[in-house]
Amino acid sequence: MRSVIITGADRGLGFSLSKEYLARGYKVFAGKFIEEYTLLEDLREKDPNLHIVNLDVNSRESIEAARDYVAAETGGSLDMLISNAALMMRVSCSLYEPPMDLEQVWNSFSVNALGPARMVHYFLPLLAQSDMRRLCFVSSEVSCVNLMKTSRSGGFPYPMSKSAMNMCVRLMHNQLYAQGYTFRLYHPGWMKKVEPDGTRSEHGAYDPDFTAEHAAKYFETPLRDEQRLVLYDFLSQEWPY
């Protein structure tokens, strides 16, 4: 049975990806961070192949504990890692209204840019035992430097941290592709927010279940040119980054 760990699986795309991979016959390790969401617990009652893992990608200790749990449940291997967790909160970060909240900017970088690197670092020994070795990263259109030239928004933390994540993935690809690791970089589109009871907000263009179905297929299917790192979106369109 194939195995996958998904960070930020409490709600939204991460939760929908958990459902999608369960349906595809995977053993799913779903990273949980937000206590008030119990969607994963409800899902686990329906499928024993779902394993809920307390996981904070900003904490080395949390990641190490998650790795040890996955190793114990799989016999020491992992086929796929999906880095989905992100900090998206709006913070005071304006050039015109000091002081800039640079501590919150750093928090965004630590979760959004360094979190994926921490996950890969600590899970490499498990991934090395798999013949799949698939590393997947959820990015965003706001990570594209060239496309931000018309924006006047002062929301620095999220776009900057996602651009940094793209560079991190590029550098990991440079190091790991030759060792048999393959990579996916993905822009999921503007999704509807999922509330604690599972309902969707009115804002957003796409249901996370729709995006997850496309993402799961893209993450799982081998590409003709795995050596080329590409940012694709939910419509299979390539984006600059």
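Quick caveat, the model's predicted, so the values are computed rather than measured.

### Thoughts on the overall build of the protein
Thought 1: Across its full length, the protein holds seven helices and eight strands.
Thought 2: A compact globule built from 241 residues should have a C-alpha radius of gyration of about 18 Å, and the protein, at 17 Å, falls within 12% of that.
Thought 3: Seen along its three principal axes, the alpha-carbon backbone of the protein occupies a region of about 55 × 45 × 35 Å.
Thought 4: Across the 241 residues in the protein, those meeting the buried criterion constitute 49%.
Thought 5: Sequence separation of 24 or more characterises 67% of the internal contacts of the protein that already satisfy a separation of 6 or more.
Thought 6: For the protein, the accessible area works out to roughly 12,100 Å², and carbon and sulfur atoms hold 52% of it.
Thought 7: One finds the centroid of the 25 positive side-chain charges in the protein at a distance of 6 Å from the centroid of its 30 negative side-chain charges.

### Some words on the side chain of Thr7
Thought 1: Checked against the element boundaries, Thr7 lands in the loop between β1 (3-6) and α1 (12-23).
Thought 2: One polar contact links the side chain of Thr7 to the main-chain amide nitrogen of Asn84, over a distance of 2.8 Å.
Thought 3: Within the structure, the side chain of Thr7 is placed 2.9 Å from the backbone nitrogen of Ala85, a separation counted as a polar contact.
Thought 4: Leave out the neighbours within four places in its chain, and Thr7 touches Leu55, Val57, Ile82, Ser83, Asn84, Ala85 and Met119.

### Observations concerning the environment of Glu73
Thought 1: With respect to the helices and strands, the residue Glu73 is situated in helix α3 (residues 60-74).
Thought 2: C-alpha of Glu73 to C-alpha of Trp239: the two residues are 166 residues apart in sequence and 37 Å apart in space.
Thought 3: Every residue in contact with Glu73, bar those within four places of it in the chain, is listed here: Lys27, Phe29 and His51.

### Thoughts on the sheet that holds β1
Thought 1: If you trace the eight strands from one edge of the open sheet to the other, you get β3-β2-β1-β4-β5-β6-β7-β8, paired in mixed fashion. Here the strands that pair on one side only, and so sit at the sheet edges, are β3 (50-54) and β8 (238-239).
Thought 2: One ladder, built from three bridges, connects β1 with strand β4 (residues 80-83); its direction is parallel. Residue pairing for β4: Ile5 is matched across the bridge by Leu81.
Thought 3: Of the strands in this sheet, β1, β2 (27-32), β3, β4 and β5 (134-138) touch α1, which is tilted by about 170° from β1.
Thought 4: Sheet contacts for helix α5 (residues 114-127): β1, β4 and β5; angle to β4, the most-contacted strand, approximately 170°.

Calculation criteria
- Residues numbered from 1 in each chain as written.
- Predicted model: local features only at pLDDT ≥ 70, side-chain atom pairs only at ≥ 80, totals over all residues.
- Heavy atoms only, no water.
- Helix = DSSP H or I, 4+ residues; strand = E, 2+ residues; numbered from the N terminus.
- Rg over C-alpha atoms; globule rule 2.2 N^0.38 Å.
- Buried < 20%, exposed > 50% of the residue type's maximum accessible area, 1.4 Å probe, protein only.
- Contact = heavy atoms within 4.5 Å.
- Areas by Shrake-Rupley, 256 points an atom, 1.4 Å probe, with all protein chains shown as cover.
- Lys, Arg positive; Asp, Glu negative; His and termini not counted.
- Charge placed at Lys NZ, Arg CZ, Asp CG, Glu CD.
- Polar contact = N/O pair within 3.5 Å; in protein donor to acceptor, adjacent residues only side chain to side chain.
- Pairing = 2+ DSSP bridges.
- Axes fitted to C-alpha atoms, helices over the stretch in contact; angles between N-to-C directions.

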